[in-house]
Amino acid sequence: QVQLVESGGGLVQAGGSLRLSCAASGLTFSRYTMGWFRQAPGKEREFVVAIRWTGGNTYYSDSVKGRFTISRDNAKNTVYLQMNSLKPEDTAAYYCAAAFLVVTGLDVIDNYNYWGQGTQVTVSS
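On a predicted model such as this, the values are computed, not experimentally measured, just so you know. (Residues numbered from 1 in each chain as written. Predicted model: local features only at pLDDT ≥ 70, side-chain atom pairs only at ≥ 80, totals over all residues. Heavy atoms only, no water.)

Visitor: Help me understand the overall build of the protein chain in this model?
Guide: Check the secondary structure of the protein chain and you find zero helices and 11 strands. Ordered by position from N to C terminus, the α and β elements of the protein chain give β-β-β-β-β-β-β-β-β-β-β. Taken over C-alpha atoms, the radius of gyration comes to 13 Å for the protein chain, in line with the 14 Å a tight globule of 125 residues would show. Viewed in the frame of its principal axes, the protein chain has a C-alpha envelope of about 40 × 25 × 25 Å. Taking as baseline every contact in the protein chain between residues at least 6 positions apart, the subset at least 24 positions apart corresponds to 59%. Carbon and sulfur atoms form 45% of the exposed surface of the protein chain, whose accessible area is close to 6300 Å². (Helix = DSSP H or I, 4+ residues; strand = E, 2+ residues; numbered from the N terminus. Rg over C-alpha atoms; globule rule 2.2 N^0.38 Å. Contact = heavy atoms within 4.5 Å. Areas by Shrake-Rupley, 256 points an atom, 1.4 Å probe, with all protein chains shown as cover.)

Below you can see the structure in the form of structure tokens.
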């Protein structure tokens, strides 16, 4: 049974930082492209960032480029999202997702096979 478990969310003031983690189990983690998506109330889920299973290439949405950093530790089956210079508009539920052997279309929700339950990030102004 595949599980993706996010942690690290919380309440932070604007300009602050948070580090999200996503621990995966039940899959061959090194063969999965890992992504982070977010969803604010009343809005559609949107792509934030992804890291490819091969080569470790990373892709960021324009809204977080330069502020967020994704990384992965295949030995720990964990992907991380370091979020700096947080803004109120970053407030959302953040979801970790896994896509098997995907190398293109990393921002496409339908390309992801498994999803975590989400962790809430709230940025106060």
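Visitor: Could you clarify how one ought to interpret the state of the cysteines in this entry?
Guide: Simply put, disulfide is the name for a covalent bond between the sulfur atoms of two cysteines. Here the structure, examined in full by the defined rule, presents one disulfide. With its sulfur 2.1 Å from that of its partner, Cys22 forms a disulfide with Cys96. Across the disulfide from Cys22 to Cys96, rotation about the S-S bond amounts to roughly -75 degrees, and the bridge is consequently left-handed. Placement of the pair is Cys22 in strand E3 (residues 18-25) and Cys96 in strand E9 (residues 92-100), with a sequence separation of 74 residues. What makes Cys22 buried here is its relative accessible area of 0%. Owing to a relative accessible area of 0%, Cys96 belongs among the buried residues under this scheme. (Disulfide = S-S within 2.5 Å. Buried < 20%, exposed > 50% of the residue type's maximum accessible area, 1.4 Å probe, protein only.)

Visitor: What's the story with the sheet that holds E3 in this structure? I'm lost.
Guide: Whenever strands of a sheet pair, they do so through backbone hydrogen bonds, lying parallel or antiparallel. The strand order across the open sheet formed by four strands is E1-E3-E8-E7, and the pairing between neighbours is antiparallel. With one partner strand each, in any of the chains shown, strand E1 (3-7) and strand E7 (68-73) form the two edges of the open sheet. Pairs of neighbouring strands in the sheet enclose a mean axial angle of 15 degrees, with direction left out of account. As defined by bridge partners, E1 adjoins E3 across five bridges and the pair is classed as antiparallel. Bridge pairing links Val5 to Ala23 in E3. (Pairing = 2+ DSSP bridges. Axes fitted to C-alpha atoms, helices over the stretch in contact; angles between N-to-C directions.)

Visitor: Just to check I follow, could you spell out the nonpolar core for this structure?
Guide: Where a protein is soluble and globular, its nonpolar side chains tend to be buried together. Core analysis: the biggest nonpolar cluster contains 28 residues, and Met34, Trp36, Val79, Met83 and Tyr94 have the highest contact counts within it. Only E3, strand E4 (32-39), strand E5 (46-51), E7, strand E8 (78-83), E9 and strand E11 (119-124) provide two or more residues apiece to this core. Among the nonpolar cores identified, the runner-up in size contains eight residues, and Phe47, Val102, Leu106 and Tyr112 belong to it. (Core = buried A, V, L, I, M, F, W, Y, C linked by side-chain atoms within 4.5 Å.)

Visitor: Would you mind showing me how to read unusual backbone geometry here?
Guide: With the exception of glycine, the majority of residues adopt a negative phi angle, and the majority of peptide bonds are in the trans configuration. Positive phi is not limited to glycine here, since Asn77 has a value of about 55 degrees. Within the fold, Asn77 resides in the loop between E7 and E8. A positive phi angle, close to 50 degrees, is found at Ser85, a residue other than glycine. Along the chain, Ser85 falls in the loop between E8 and E9. Its relative accessible area of 42% is what places Ser85 among the partly exposed residues.

Visitor: It is not clear to me how the environment of Ser63 should be interpreted in this structure. Could you clarify?
Guide: Structurally, Ser63 is set in the loop between strand E6 (58-60) and E7. Residue Ser63 is classed as partly exposed on the basis of its relative accessible area, which comes to 39%. Between the C-alpha atom of Ser63 and that of Glu89, which follows or precedes it by 26 residues, the distance is 9.6 Å. Separated by 3.1 Å, the side chains of Ser63 and Ser61 make a polar contact. (Polar contact = N/O pair within 3.5 Å; in protein donor to acceptor, adjacent residues only side chain to side chain.)

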